[in-house]
Amino acid sequence: MRLSVIVSTYNKPRDLERVLWGYAAQTRRDFELLVADDGSGPETEAVIDRVRREGGLETVHVWHADRGFRKSEIMNRAVVASTGDYLLVTDGDSIPRADLVATHYDLAEPGKYLAGGYLKLPGDVSEAITPDDVRAGRFVDLGWLRARGWRPGRRALRLVRSRALAAALDRLTPTQPLFAGNNASVWREAMLAVNGFDMEMGYGGLDRAVGYRLVNLGIKGKQVRHRAVCMHLHHERPYKRPEVMRRNREILEGIRRTGQVRAVRGIAELGVDASLRVVRG
């Protein structure tokens, strides 16, 4: 099995740098990393090149011109460009714990997708994390986090180091294993079967639509939120629009109501984009 990590990004080079260093620091390194870039400027390209050079990551930069929100399209382009038979999808603001890739490798199962977990960090702690903190693993150390004023409460259970305890917590949690775009994995064949991400949708719910279609296809979710962990950096969402969210909810409700298994406009409907660049290194 070969695993491809797909990281979405748009004009957040500092966040992306810390995320990429998180993948450079993984305990298991036999994966390719694709950056699905929705039209970022040259600062993002410079970050990718630097971490590729200094961290030794096998990276693929999949970029198209900025023509508004086209995350679904660039994610689909990255799926097409990937060479793995198993896909881990995540975001450029979600720093992986060092065992994230190994955990997705180990827990992958036929007929299942994995629903990983994350902890949302407050703004001041997010700002405090440096690339050195990521490389050293301090950003997931509870003592280090508490020393910077964060009190995670019961959420600290998602950072337990005991694999047996984490597995037990995953069995006991009432939280449903939803396909979340910052930490979920699935077989590439299944992603192609549901036609990838829905290009009819704007911000909000793109990942959930994939998950609903996978379930309709017979691919069940497997809860791994305490075993596969990333830390979500704080950011505002000025692009969140009520009318788009409302439309997305209608699409999601339709998928569940009708049992739809394929995106109407997804991977199979990708056309030619003269701006597209796929740079491997």
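This one's a predicted model, so the numbers in the text were calculated from it and none came from an experiment.

Draft legend 1. Spatial organisation of the environment of alanine 228. Assignment of secondary structure puts alanine 228 in the loop between β9 (220-223) and β10 (229-232). For alanine 228, a relative accessible area of 0% gives the class buried. Once residues lying within four places of it in the same chain are set aside, the contact partners of alanine 228 are Leu100, Thr103, His104, Gly116, Gly117 and Asn183.

Draft legend 2. Focus on the packing of helix α10 (residues 206-217) against helix α11 (residues 242-258). For the pair α10 and α11, the least separation of the axes is 9 Å and the interaxial angle reads 5 degrees. For the element pair α10 / α11, the angle class is roughly parallel. For the pair α10 and α11, the contacting residues are Arg208, Ala209, Tyr212, Arg213 and Asn216 in the first and Ile251, Leu252, Ile255 and Arg256 in the second. Tallied by class, residues from the contact of α10 with α11 come to five nonpolar, one polar and three charged.

Draft legend 3. The arrangement of the sheet that holds strand β6 (residues 112-115) in detail. The strand order across the open sheet formed by eight strands is β9-β6-β8-β4-β1-β2-β3-β11, and the pairing between neighbours is mixed. Bordering the open sheet on either side are β9 and β11 (277-280), each of which pairs with just one other strand. Put simply, the sheet's adjacent strands are angled 20 degrees from each other on average, direction ignored.

Draft legend 4. Representation of the pairing of strand β3 (residues 59-63). A large share of β3 lies buried, amounting to five of its five residues. Where strand β2 (residues 31-37) and β3 come together, five bridges link them in parallel fashion. Of the residues in β3, the one forming a bridge with alanine 36 is valine 62. Taken together, β2, helix α2 (residues 42-55) and β3 constitute a β-α-β crossover, and its handedness is right-handed. The pairing of β3 with β11 spans four bridges and is antiparallel. By the bridge assignment for β11, valine 60 is matched with arginine 280.

Draft legend 5. Geometry of the pattern of salt bridges. The final tally for this structure, using the stated rule, is 22 salt bridges. Ionic pairing is found between arginine 50 and glutamate 17, a salt bridge with its closest N-O pair at 3.2 Å. Placement of the pair is arginine 50 in helix α2 and glutamate 17 in helix α1 (residues 13-24), with a sequence separation of 33 residues. We note a salt bridge from aspartate 133 to arginine 138, for which the minimum N-O separation is 2.8 Å. Judged by its relative accessible area of 7%, aspartate 133 is buried. Linked by salt bridges that have partners in common, Arg67, Arg70, Glu73, Arg77 and Asp273 make up one network.

Draft legend 6. Here's a closer look at the pairing of strand β1 (residues 3-9). For β1, a buried count of seven out of seven residues is recorded, marking the element as mostly surrounded by other parts of the structure. Covered by surrounding structure in β1 are Leu3, Val5, Val7 and Thr9 together with Ser4, Ile6 and Ser8, the residues of both alternating faces. When β1 meets β2, the two strands line up parallel, connected through seven bridges. Bridged to threonine 9 within β2 is aspartate 37. Taken together, β1, α1 and β2 form a β-α-β motif whose crossover is right-handed. Direction of pairing for β1 relative to strand β4 (residues 86-91): parallel, over a ladder of six bridges. By the bridge assignment for β4, isoleucine 6 is matched with valine 89.

Draft legend 7. Representation of the sheet that holds strand β5 (residues 94-96) within the structure. One open sheet holds the three strands; their spatial order is β5-β10-β7, and the pairing between them is mixed. Of all the strands in the sheet, just β5 and β7 (117-120) have a single pairing partner and so form its edges. Strand after strand, the sheet turns through a mean of 30 degrees between neighbouring axes, direction not considered. Strand direction decides the pairing type here: β7 and β10, joined by four bridges, are parallel. Following the sheet pairing, lysine 120 is matched in β10 by histidine 232.

Conventions and cut-offs
Residues numbered from 1 in each chain as written. Predicted model: local features only at pLDDT ≥ 70, side-chain atom pairs only at ≥ 80, totals over all residues. Heavy atoms only, no water. Helix = DSSP H or I, 4+ residues; strand = E, 2+ residues; numbered from the N terminus. Buried < 20%, exposed > 50% of the residue type's maximum accessible area, 1.4 Å probe, protein only. Contact = heavy atoms within 4.5 Å. Axes fitted to C-alpha atoms, helices over the stretch in contact; angles between N-to-C directions. Parallel < 35°, antiparallel > 145°, perpendicular 65-115°, else oblique. Nonpolar A, V, L, I, M, F, W, Y, C, P; charged D, E, K, R; others polar. Pairing = 2+ DSSP bridges. Right-handed = clockwise from strand over helix to strand, strands pointing away. Salt bridge = Lys/Arg side-chain N within 4 Å of Asp/Glu carboxyl O.

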